Amino acid sequence: GLVLIVLCTIMTSVSIAREKERGSMELLLVSPVHATTMVLAKAVPYFVVSLINIASILILSYFVLGVPIRGSLLLIILVTMLYVLVALAIGLAISSLVSQQRDAVVVSGFGMMMPTILLTGMLFPLANIPAALRWISYLVPATYYIGATRKVMIQGLSFMGIWQEVLALTLFAVLMLTIAIVSIRPRLK
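Parameters at a glance
Residues numbered from 1 in each chain as written. Predicted model: local features only at pLDDT ≥ 70, side-chain atom pairs only at ≥ 80, totals over all residues. Heavy atoms only, no water. 1 Å grid on protein atoms, 1.4 Å probe; cavity = no way out; pocket = protein on both sides within 12 Å on 5 of 7 lines; lining within 4 Å. Points joined across faces, edges and corners; volume = space filled by probe spheres on them. Helix = DSSP H or I, 4+ residues; strand = E, 2+ residues; numbered from the N terminus. Nonpolar A, V, L, I, M, F, W, Y, C, P; charged D, E, K, R; others polar. Salt bridge = Lys/Arg side-chain N within 4 Å of Asp/Glu carboxyl O. Buried < 20%, exposed > 50% of the residue type's maximum accessible area, 1.4 Å probe, protein only. Axes fitted to C-alpha atoms, helices over the stretch in contact; angles between N-to-C directions. Parallel < 35°, antiparallel > 145°, perpendicular 65-115°, else oblique. Left-handed = near helix turned anticlockwise from the far one by under 90°. Contact = heavy atoms within 4.5 Å. pLDDT = per-residue confidence, 0-100. Core = buried A, V, L, I, M, F, W, Y, C linked by side-chain atoms within 4.5 Å. Patch = residues over 30% accessible without salt bridge, like charges linked within 9 Å, V, L, I, M, F, W, Y side chains within 5 Å. Areas by Shrake-Rupley, 256 points an atom, 1.4 Å probe, with all protein chains shown as cover.

### Considerations on the layout of surface pockets
Estimates place the volume of the largest pocket at around 500 Å³. Lining the largest pocket are 18 residues, and of these Gly 1, Ile 57, Tyr 145, Thr 149 and Met 153 sit closest to its centre. Elements with a minimum of two residues in the lining of the largest pocket: α1 (2–22), α3 (35–64), α4 (73–97) and α7 (141–153). Taken as a whole, the second largest pocket encloses approximately 160 Å³ of empty space. Residue lining of the second largest pocket: Thr 120, Gly 121, Leu 126, Tyr 138, Thr 143, Tyr 144, Ile 146, Gly 147, Arg 150 and Glu 165, and that is the complete set. Of the residues that constitute the lining of the second largest pocket, the class distribution is four nonpolar, four polar and two charged.

### Description of the pattern of salt bridges
Evaluated as defined, the whole model comprises two salt bridges. Its salt-bridge partner being Asp 103, residue Arg 102 comes within 3.9 Å of it at the nearest N-O pair. On the basis of relative accessibility, which here comes to 59%, the residue Arg 102 falls in the exposed class. What makes Asp 103 partly exposed here is its relative accessible area of 30%. In this structure, Lys 151 engages Glu 165 in a salt bridge whose closest nitrogen and oxygen atoms are separated by 2.6 Å. With Lys 151 in helix α7 and Glu 165 in helix α8 (residues 159–184), this pair connects stretches of sequence that are 14 residues apart.

### Section: the packing of α7 against α8
Contact pair α7 / α8: the axes reach a minimum separation of 9 Å and the direction vectors enclose 150°. One finds that α7 runs roughly antiparallel with respect to α8. With respect to the hand of their crossing, α7 and α8 are arranged in left-handed fashion. Here Pro 141, Tyr 144, Tyr 145, Ala 148, Lys 151 and Val 152 of α7 come into contact with α8, specifically with Gly 161, Ile 162, Glu 165, Ala 168, Leu 169 and Phe 172. Across the contact of α7 with α8, the residue classes break down as nine nonpolar, one polar and two charged.

### Focus on the confidence of the model for the protein chain
Per-residue confidence for the protein chain averages 84 on the pLDDT scale, and 94% of its residues sit at or above 70. For the protein chain, per-element mean pLDDT is lowest for helix α2 (residues 25–30), which scores 67, and highest for α8, which scores 91.

### Considerations on the nonpolar core
By size, the foremost hydrophobic cluster in this structure holds 48 residues, and its most contacted members are Ile 5, Val 79, Tyr 83, Ile 90, Tyr 145, Ile 162 and Leu 169. For this core, the elements supplying multiple residues, two or more each, are α1, α3, α4, α5 (101–119), α7 and α8. Ignoring sequence-local partners within four residues, the contact set of Tyr 145 consists of Gly 1, Leu 4, Val 79, Thr 80, Tyr 83 and Leu 169.

### Things to note about a nonpolar patch on the surface
A contiguous nonpolar surface patch, about 680 Å² in accessible area, is contributed by Ile 59, Leu 60, Tyr 62, Phe 63, Val 64 and Leu 65. Looking at the element boundaries, Phe 63 is found in helix α3.

### As for the environment of Gly 1
Relative to the assigned elements, Gly 1 resides in the segment before α1. Gly 1 sits in the partly exposed class, given a relative accessible area of 33%. Contact partners of Gly 1, with chain neighbours within four places excluded, come to Tyr 83 and Tyr 145.

### Quick look at the packing of α1 against α5
Two elements in contact, α1 and α5, have axes separated by 8 Å at closest approach and are oriented at 160°. Between α1 and α5, the angle falls in the class roughly antiparallel. Crossing handedness for the pair α1 and α5: right-handed. Residues Leu 2, Ile 5, Val 6, Thr 9, Ile 10, Ser 13, Val 14, Ala 17, Arg 18 and Glu 21 of α1 form the contact with α5, whose participating residues are Gln 101, Arg 102, Ala 104, Val 105, Ser 108, Gly 109, Met 112, Met 113, Thr 116 and Ile 117. Taken together, the residues of the contact of α1 with α5 break down into eleven nonpolar, six polar and three charged.

Okay, here's the thing in structure tokens:
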């Protein structure tokens, strides 16, 4: 969960900020391309690269680390792809809100890494986290992804056992893509 969210968020967070720094954002803004198409076009190459990351992470976890896969491998892959979409959408939202690549890297790197490490149940069980921080952990997408993968891989649950996590990740993806699309199209003055 940590590797995917940090890599995907950082990769996409520099994409739109790079266009702003180079001055080519104005060309994109005056083109007939809709903001939705522009955002999705920025995400697709990184999504393909992330599919390679997903495959390597699953192979390493099963064969090297010996993590059992008791549930559906297809379900794990689909949930992971949804999680990658959320991470890419967060990166695009950050990229559309900042103006420089270094700001995008700092915000996406630190903004996603520390909450993912400390507040998702990855290192510490959520029950041991203070109540105030537990509420914040519900705002971190990795909380839902880590919970879903544990339920599928270790407990062997089906989709019905993780539908709440899938719903939360879907809502995160829609929200972050909406923020990216809405904030990418400022009017030129």
